Amino acid sequence: MAEEVEMDSARKRYEFKKTLEKLGEKEGSGTELISIYIPPDKQIYDVTAQLRDEFGQCANIKSKQTRTNVQSAISSILSRLKYYNRPPERGMAIFCGNIKLGGDKTDLDCTIIEPPDVVPLYIYRCSSKFELEPLQQMLVEKEVYGLIVIDRRESYLGFLRGNRIEPMSGVTSTVPGKQRKGGQSAMRFQRLRLIAINEYYKKVGDRATDIFLAEPDFFERFKGVLIGGPTPTKEEFYEGDFLHHELKKRVIGLFDVAYTNESGLTELVDNASDALRGVEVMKEKIIMDRFFKELVKDDGLSSYGEESVRKNLEIGAVDTLLLSGNLRKSRLRLRCQSCDYQREETVLVKPGKRMSDLDFGICPKCSAPVYMEEEIDIVDELTELADSSSTNVMIISDDFEEGAMLFNAFGGIAAILRYRTGY
């Protein structure tokens, strides 16, 4: 049940992100595109009253075409708001206006979104582009972790934001080595070395304060700090009075890492896998590691590429389907206008392009034109195939190395199999 909830959440996030991308590509001829954000506590009749007032104000617009287009958009929004007595639980966002299709062609487009988070403010805006910033902010990961890797030579700090490791800043040390120069007493050299170590730790702690406490909504979103490094350096740093008290009480654990530069942040997250078991990045890394282990075996249970994975799904051989969150492809069903010829093919969805505008050629049987009968997002199509055989589905972000490899090296489609099939 928990896996189903997580999958549902990942699918909703994928669909939400894809919808915002499509809205971001749309453009009007002038300030004709209307964006409205309605919080859950806003009265619908207040919104409709403003829209009717705006409709009247449109008479002052000099351009007849712009005036007509804005009034058409307002009328379309008003007709849709009739079905709402009150806003949804988290509010709603409405995007409406005449979209440029190329040449002199336009099309009235109206989209209503019930967002994943609460709409905080009422916004009414007219522009040549839809106002998407409030919704895009909802894609930002809510849980944030601070990362510190440190030894006596250098240290590096960064964030773990959901699936993404974000390096921030490094600190270099001026601590002298253990070999003292001639003429120095051992006690004096050791005392100077301890002072330098203390100053270095203090510098790292101050940098952590500057970076981590500056995080927006720190007390709500910042979930903890992971510290990595060799023994005893990380213990000395943690046990000393170097971290801000708000950071120190959020330390999740200390972990051994070999590197204390930028690459050490990834090693720290990997080594802290047990502590981060509930974080999405670890779930995705674990399943991707499992796929790569199967991939290198001579008799491994792995499959990749659309054709191979599709055949394995059709015979129920897939245990876990791995799909990149960056997949932007559609599965098309094409049919001849005159005879019974039909075929299916997968095409890349290009920004600003509609599938119905593509030329699908002519029928090889009767030479009549071929038209598109159906279009379905490839993630939806493959997920439906997976559901028919109780296959687990994971949508993998490309915000970490293994996730990026799934998209770049394997076309964004891979699978872990139940048994070998030869496909």
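This text follows the structure it describes.
Every chain is numbered independently, its residues counted from 1 as its sequence is written. In view of the model being predicted, local features appear only for residues whose pLDDT reaches at least 70, and side-chain atom pairs are presented and counted only at 80 or more, with totals across whole chains, interfaces and linings using the full set of residues. Heavy atoms from the whole structure form the basis of all side-chain values; hydrogens and water molecules are not counted.

Enquirer: What should I look at first to understand the overall build of the protein chain in this one?
Expert: Scanning the protein chain for helices and strands turns up 13 helices and 16 strands. For 423 residues, the compact-globule formula gives about 22 Å, and the C-alpha radius of gyration of the protein chain, at 28 Å, lies well above that figure. Along the three orthogonal principal directions, the C-alpha set of the protein chain runs to about 95 × 65 × 40 Å. In the protein chain, which comprises 423 residues, the share counted as buried stands at 44%. Two residue types count as positive, namely Lys and Arg, and two as negative, namely Asp and Glu; His and chain ends fall outside the count. A single reference atom marks each charge: NZ on Lys, CZ on Arg, CG on Asp, CD on Glu. For the protein chain, the centre of its 60 positive side-chain charges and the centre of its 69 negative side-chain charges are spaced 4 Å apart. Put simply, DSSP H or I for four residues or longer makes a helix, DSSP E for two residues or longer makes a strand, and each gets a number counted from the N terminus. To get the radius of gyration, use the C-alpha atoms; to get the globule rule, take the number of residues to the power 0.38 and multiply by 2.2 Å. Using a 1.4 Å probe on the protein chains alone, a residue whose accessible area is under 20% of its type maximum counts as buried, one over 50% counts as exposed, and one in between counts as partly exposed.

Enquirer: Honestly, the nonpolar core in this entry has me stumped. Any pointers?
Expert: Among buried residues, those of type Ala, Val, Leu, Ile, Met, Phe, Trp, Tyr and Cys that are joined through side-chain atoms within 4.5 Å constitute a nonpolar core. Ranked by internal contacts, the top residues of the largest apolar core, which has 27 residues, are Leu 276, Met 288, Phe 291, Leu 322 and Ile 396. Where this core is concerned, the elements lending two or more residues are strand E5 (144-150), strand E6 (154-161), helix H9 (263-271), helix H10 (280-296), strand E15 (392-396), helix H13 (401-410) and strand E16 (413-417). Element by element, the count of residues in this core is highest for H10, at six residues. Residue contacts for Met 288: discarding those within four places in its chain leaves Leu 322, Ile 396, Phe 400, Glu 402 and Leu 406. Within the second largest apolar cluster, 24 residues are counted, among which are Val 144, Ala 196, Ile 197 and Ile 227. Contact between two residues is taken to exist if any of their heavy atoms lie within 4.5 Å; hydrogens are not considered.

Enquirer: I'm lost on the packing of helix H2 (residues 44-57) against helix H3 (residues 64-81) in this one. Help?
Expert: How two helices pack is summed up by the angle between their axes together with the distance between the axes. For helices, the axis comes from a line fit to the C-alpha atoms of the stretch in contact; other axes are also lines fit to C-alpha atoms, and the angle between any two N-to-C directions lies between 0 and 180 degrees. Close contact between H2 and H3 brings their axes to 10 Å; oriented N to C, the two are set at 160°. As summarised for this structure, H2 and H3 are arranged roughly antiparallel, according to the angle between their axes. As H2 runs across H3, the sense of the crossing is left-handed. Across the interface between the two elements, Ile 44, Val 47, Thr 48, Leu 51, Arg 52, Glu 54 and Phe 55 of H2 pack against Gln 71, Ile 74, Ser 75, Ile 77, Leu 78 and Leu 81 of H3. What sets the label is the angle itself: under 35 degrees gives roughly parallel, over 145 gives roughly antiparallel, 65 to 115 gives roughly perpendicular, and the rest give oblique. We call a crossing left-handed when the near helix sits turned anticlockwise from the far one by less than a right angle, and right-handed when that turn is clockwise.

Enquirer: Help me understand the sheet that holds E16, please; the structure alone is not making it clear to me.
Expert: Hydrogen bonding along the main chain pairs the strands of a sheet, whether they run parallel or antiparallel. With mixed pairing, the four strands of this open sheet are ordered in space as E10-E16-E11-E15. Each edge of the open sheet is held by one strand with a lone partner, namely strand E10 (302-304) and E15. Going across the sheet, the axis of each strand differs from the next one's by a mean of 20°, ignoring polarity. Note on pairing: DSSP must find at least two bridges between two strands before they are called paired. The pairing of E10 with E16 spans three bridges and is classified as antiparallel. Residue pairing in the sheet places Ser 302 in a bridge with Ile 416 of E16. Set on the sheet, helix H11 (residues 306-314) makes contact with E10, strand E11 (318-324) and E16; between it and E10 the angle comes to about 125°. Against the sheet, H13 touches E10, E11, E15 and E16, its axis set at about 85° to E11.

Enquirer: Can you help me understand H13 in this one?
Expert: For an α-helix the count is 3.6 residues per turn, leaving residues at separations of three or four pointing the same way. Looking only at H13, the buried set comprises Glu 402, Gly 403, Leu 406 and Phe 410. End-on view of H13: buried residues confined to an arc of 110°, all on one side of the axis. The exposed residues of H13 that point more than 90 degrees off its buried face are Glu 401, Asn 408 and Ala 409. Directly after H13, the chain includes Gly 411, whose backbone phi takes a positive value near 75°. Throughout, the arc means the angular range of directions from the helix axis out to the C-beta atoms.

Enquirer: Would you mind showing me how to read the packing of H11 against helix H12 (residues 378-387) here?
Expert: Taken N-terminus to C-terminus, the directions of H11 and H12 make an angle of 30°; their axes are 9 Å apart at the nearest point. As the angle between them shows, H11 and H12 are arranged roughly parallel. H11 and H12 meet at a crossing whose hand is left-handed. Of H12, the residues touching H11 (which contributes Glu 306, Arg 310, Leu 313 and Glu 314) are Ile 378, Glu 381, Leu 382, Leu 385 and Ala 386. Under the scheme applied, nonpolar residues are Ala, Val, Leu, Ile, Met, Phe, Trp, Tyr, Cys and Pro; charged residues are Asp, Glu, Lys and Arg; polar residues are all the others, including Gly. Of the residues assigned to the contact of H11 with H12, the class counts are five nonpolar, no polar and four charged.

Enquirer: Please explain a nonpolar patch on the surface as it appears in this structure.
Expert: Residues forming no salt bridge and having over 30% relative accessible area are the ones grouped into patches, like charges within 9 Å of each other and nonpolar side chains (Val, Leu, Ile, Met, Phe, Trp, Tyr) within 5 Å. For the area figures, the Shrake-Rupley method with a 1.4 Å probe applies, and any residue is considered shielded solely by the protein chains shown. Salt bridge criterion: a side-chain nitrogen from Lys or Arg within 4 Å of a carboxyl oxygen from Asp or Glu. On the surface, Ile 315, Tyr 419 and Tyr 423 cluster together into a nonpolar patch covering about 310 Å² of accessible area. Mapped onto the secondary structure, Tyr 419 falls in the segment after E16.

Enquirer: Can you help me understand the packing of aromatic side chains in this one?
Expert: Remark: the centre distance and the inter-plane angle together describe each pair of aromatic rings, the angle taken between the planes. Aromatic pairing here means that ring centres of Phe, Tyr or Trp (its six-membered ring) are within 6.5 Å. Orientation follows from the plane angle: under 30 degrees is stacked, over 60 is edge-to-face, and everything else is tilted. Taken as a whole, this structure holds 13 aromatic pairs when the rule is applied. Ring centres of Tyr 37 and Phe 95 lie 5.8 Å apart, and the angle between their planes is 85°; on these two criteria the pair is classed as edge-to-face. One end of the pair, Tyr 37, is in strand E1 (residues 33-38); the other, Phe 95, is in strand E2 (residues 92-102), and 58 residues separate them in sequence. Look at Tyr 37 and you get buried, because its relative accessible area is 1%. Seen in terms of ring centroids, Phe 95 and Phe 130 are 5.5 Å apart; in terms of plane orientation they differ by 70°. Their pairing is edge-to-face.

These results come straight from atomic positions and should not be treated as a statement about function.
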